[in-house]
Amino acid sequence: MNNFTYHIPTKIHFGKGKISHLCELKESGNKVLLVYGGGSIKREGIYDKAIEILNENGLEVFEISGVEPNPRIETVRRGVDLCKKENIDMVLAIGGGSSIDCAKVIAAGAKYDGDAWDLVLKPKLIEGALPIYSVLTLAATGSEMDTFAVISDLTKNEKWGTFSAYMLPKMSVMDPEYTFSVPAKQTAAGTADIMSHTLENYFTNVKEGFMQARFCEGILKTLVYYGPIALRQPDNYEARANLMWASSFAINGLLKLGSEVTWCVHPMEHELSAFYDITHGEGLAILTPFWMEFALNEDTAYKFAEYGRNVFGVAEADDMKAAKKAIECTRAFFKEMGLPATLKEVGIDDTYFAEMAAKAVKRAKGSFVPLTEEDMIAIYKAAL
């Protein structure tokens, strides 16, 4: 196991009615920028409740709404400009990962003299950020408890992840009831995103990370069990609660401790989203089984077999047979969740494969199985 340092100071308020803890924002000042996407938080009454609590605690609220599913740099820039103009003290995101990611880069941009896109391309330029708070309404990205944010510039067909300890939320409210109204498509895509985060940590070349692997398998089994239940019973509290908590621990750093590996499926999917603006989780569900098939060989079969046996209960004694069965189970799970299985299903052809691979390969060096541009193109083509 490799050396590591782990520090997650985000305070989590988990459960029914925990939005009442928004009163704690007054610890960070008097002016708050509220960042959110569409109208769902207003239809569900979350917006009104949040505004009520903020006003009761003497906070002046400014707003940036309309955050895109793949948050765009133009929206970030609007938020940064407003923060600087109004001397905002903190940023509060209400929504899923898109709103939280947008809020994170706004918070960092408010402390930076240049263009916020610089902070996306060069995370080392982030030297501070306004305090960040969140109220989560979708179990997916884990942004409520991590240092990462993904922002797009669709004018350049670019979608990049950035990260900084300064962008770790100070506090996040996680009420599973706020996810009851999430549509089936988004529930399924969110579950696929959580699963992909976990798998990217699970498939590591550090074989001694025994405990981390068992953590991963526990989260994967949680997703396989509760994902379909959440689709059948949208207001099942335990299903929503388990998916929500799984989303945080899939990417808050715990799973990779001592067994770090560079992710590869995520960089490939980011290119799909950058060129076609598709739903992130759907892209991951499409690519993951095809990456697995590409990565499976005599040297890696043991890990895929371990995955199949411990997550899906595969009984095959032969590693290669068990590994192939594990991939079949993964594909079958995504199908059960109603997720697309090919790129053609989401309107993608091979027009930009070479360009996408050239960008993605730069972010995948050191992954579980080394990938070249040609390898990535082959995976894209297989996924058609």
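Whatever comes next refers back to the structure up there.
What you see is a predicted model, and the numbers here were worked out from it, not measured in a lab. (Residues numbered from 1 in each chain as written. Predicted model: local features only at pLDDT ≥ 70, side-chain atom pairs only at ≥ 80, totals over all residues. Heavy atoms only, no water.)

With respect to the packing of helix α13 (residues 353-360) against helix α14 (residues 373-382)
Part 1: Contact geometry of α13 with α14 gives a least axis separation of 9 Å together with a crossing angle of 130 degrees. Taken together, the axes of α13 and α14 are oblique relative to one another. When you trace α13 past α14, the crossing you get is right-handed. Contacts from F353, A354, M356, A357, A358 and A360 in α13 reach E373, M376, I377, Y380 and K381 in α14. (Axes fitted to C-alpha atoms, helices over the stretch in contact; angles between N-to-C directions. Helix = DSSP H or I, 4+ residues; strand = E, 2+ residues; numbered from the N terminus. Parallel < 35°, antiparallel > 145°, perpendicular 65-115°, else oblique. Left-handed = near helix turned anticlockwise from the far one by under 90°. Contact = heavy atoms within 4.5 Å.)

With respect to the packing of aromatic side chains
Part 1: A full pass over the atoms with the stated rule returns 19 aromatic pairs.
Part 2: Ring geometry for Y202 versus F203: centroids 5.3 Å apart, planes at 90 degrees, classification edge-to-face.
Part 3: Positioned above the aromatic ring of Y202 is the side chain of K303, whose terminal nitrogen or guanidinium carbon lies 4.0 Å from the ring centre.
Part 4: Directly above the ring of F290 sits R331, whose terminal nitrogen or CZ lies 4.8 Å from the centroid. (Phe/Tyr/Trp six-rings, centres within 6.5 Å; stacked < 30°, edge-to-face > 60°. Lys NZ or Arg CZ within 6 Å of the ring centre and 35° of its normal.)

Topic: the packing of helix α7 (residues 210-232) against helix α11 (residues 301-312)
To characterise two packed helices, one gives the angle between the axes of the helices and the distance between these axes.
Part 1: Close contact between α7 and α11 brings their axes to 9 Å; oriented N to C, the two are set at 50 degrees. With respect to their mutual orientation, α7 and α11 come out oblique. Where α7 crosses over α11, the handedness of that crossing is right-handed. Within the contact between the two elements, α7 uses A213, R214, E217, L220, K221 and V224 and α11 uses K303, E306, Y307, N310, V311 and F312.

Here we look at helix α10 (residues 280-295)
Part 1: The first and last C-alpha atoms of α10 sit 21 Å apart over 16 residues, in line with the 22 Å expected at 1.5 Å per residue.
Part 2: When the local axis directions of α10 are compared, the greatest deviation, roughly 30 degrees, occurs at L287, which is followed within four positions by the proline P289.
Part 3: Most of α10 is tucked away, with 14 of its 16 residues classed as buried. (Expected span 1.5 Å × (residues − 1). Bend = angle between axes of the 7 residues up to and from the residue. Buried < 20%, exposed > 50% of the residue type's maximum accessible area, 1.4 Å probe, protein only.)

A word on a negative patch on the surface
Part 1: Judged by side-chain charge, E298, D299, E316 and D318 come together as a negatively charged surface patch.
Part 2: Along the chain, the position of E298 falls in the loop between α10 and α11. (Patch = residues over 30% accessible without salt bridge, like charges linked within 9 Å, V, L, I, M, F, W, Y side chains within 5 Å. Areas by Shrake-Rupley, 256 points an atom, 1.4 Å probe, with all protein chains shown as cover. Salt bridge = Lys/Arg side-chain N within 4 Å of Asp/Glu carboxyl O. Lys, Arg positive; Asp, Glu negative; His and termini not counted. Charge placed at Lys NZ, Arg CZ, Asp CG, Glu CD.)

So, a nonpolar patch on the surface
Part 1: A cluster of nonpolar side chains, contributed by M1, F4 and Y6, occupies part of the molecular surface with about 300 Å² of accessible area.
Part 2: The topology assignment puts F4 in the segment before β1 (11-14).
Part 3: Relative accessible area serves as the criterion here: at 41%, F4 is assigned to the partly exposed category.

A few points about the pattern of salt bridges
Part 1: A complete count under the given rule lists eleven salt bridges for this structure.
Part 2: D277 is the salt-bridge partner of R72, the closest N and O atoms lying 3.0 Å from each other. Of the two residues, R72 is situated in the loop between β3 (60-64) and α3 (73-86) and D277 in the loop between α9 (265-276) and α10; the sequence distance between them amounts to 205 residues.
Part 3: On the accessibility criterion, R72 (27% relative accessible area) is partly exposed.
Part 4: The class of D277 is partly exposed, set by a relative accessible area of 35%.
Part 5: With its nearest N and O atoms 3.8 Å apart, the salt bridge here joins K156 to D153.
Part 6: Look at D153 and you get buried, because its relative accessible area is 3%.
Part 7: Overlapping salt bridges bring together R214, E217, K303 and E306 as one network.

Concerning the state of the cysteines
Part 1: With the rule as written, the count across this model stands at zero disulfides.
Part 2: No disulfide involves C216; its sulfur sits 14 Å from the nearest other cysteine sulfur, which is in C264.
Part 3: What makes C264 buried here is its relative accessible area of 2%. (Disulfide = S-S within 2.5 Å.)

Quick notes on the sheet that holds strand β4 (residues 90-95)
As a general point, the strands of a sheet are linked pairwise by backbone hydrogen bonds and lie either parallel or antiparallel.
Part 1: Taken together, six strands build an open sheet; the order of strands is β1-β8-β5-β4-β2-β3 and the sheet is parallel. Single-partner strands in this sheet number two, and they are β1 and β3. Averaged over neighbouring strand pairs, the angle between their axes works out to 20 degrees when direction is ignored.
Part 2: When strand β2 (residues 31-35) meets β3, the two strands line up parallel, connected through five bridges. In the sheet register, K31 faces β3, and the bridge partner there is E60.
Part 3: Here α3 sits on the sheet in contact with β2, β3 and β4, set at roughly 155 degrees to β3. (Pairing = 2+ DSSP bridges.)

Quick word on empty space enclosed by the protein
Part 1: All chains considered together, the criterion is met by two cavities of 30 Å³ or more.
Part 2: The space that makes up the largest cavity amounts to roughly 100 Å³.
Part 3: As for the largest cavity, its lining consists of 13 residues, of which L199, E200, F203, V265 and W291 are closest to the centre.
Part 4: Among the secondary structure elements, those contributing two or more residues to the lining of the largest cavity are α6 (184-202) and α10.
Part 5: Each residue belonging to the lining of the largest cavity can be placed in one class, and the counts come to eight nonpolar, four polar and one charged. (1 Å grid on protein atoms, 1.4 Å probe; cavity = no way out; pocket = protein on both sides within 12 Å on 5 of 7 lines; lining within 4 Å. Points joined across faces, edges and corners; volume = space filled by probe spheres on them. Nonpolar A, V, L, I, M, F, W, Y, C, P; charged D, E, K, R; others polar.)

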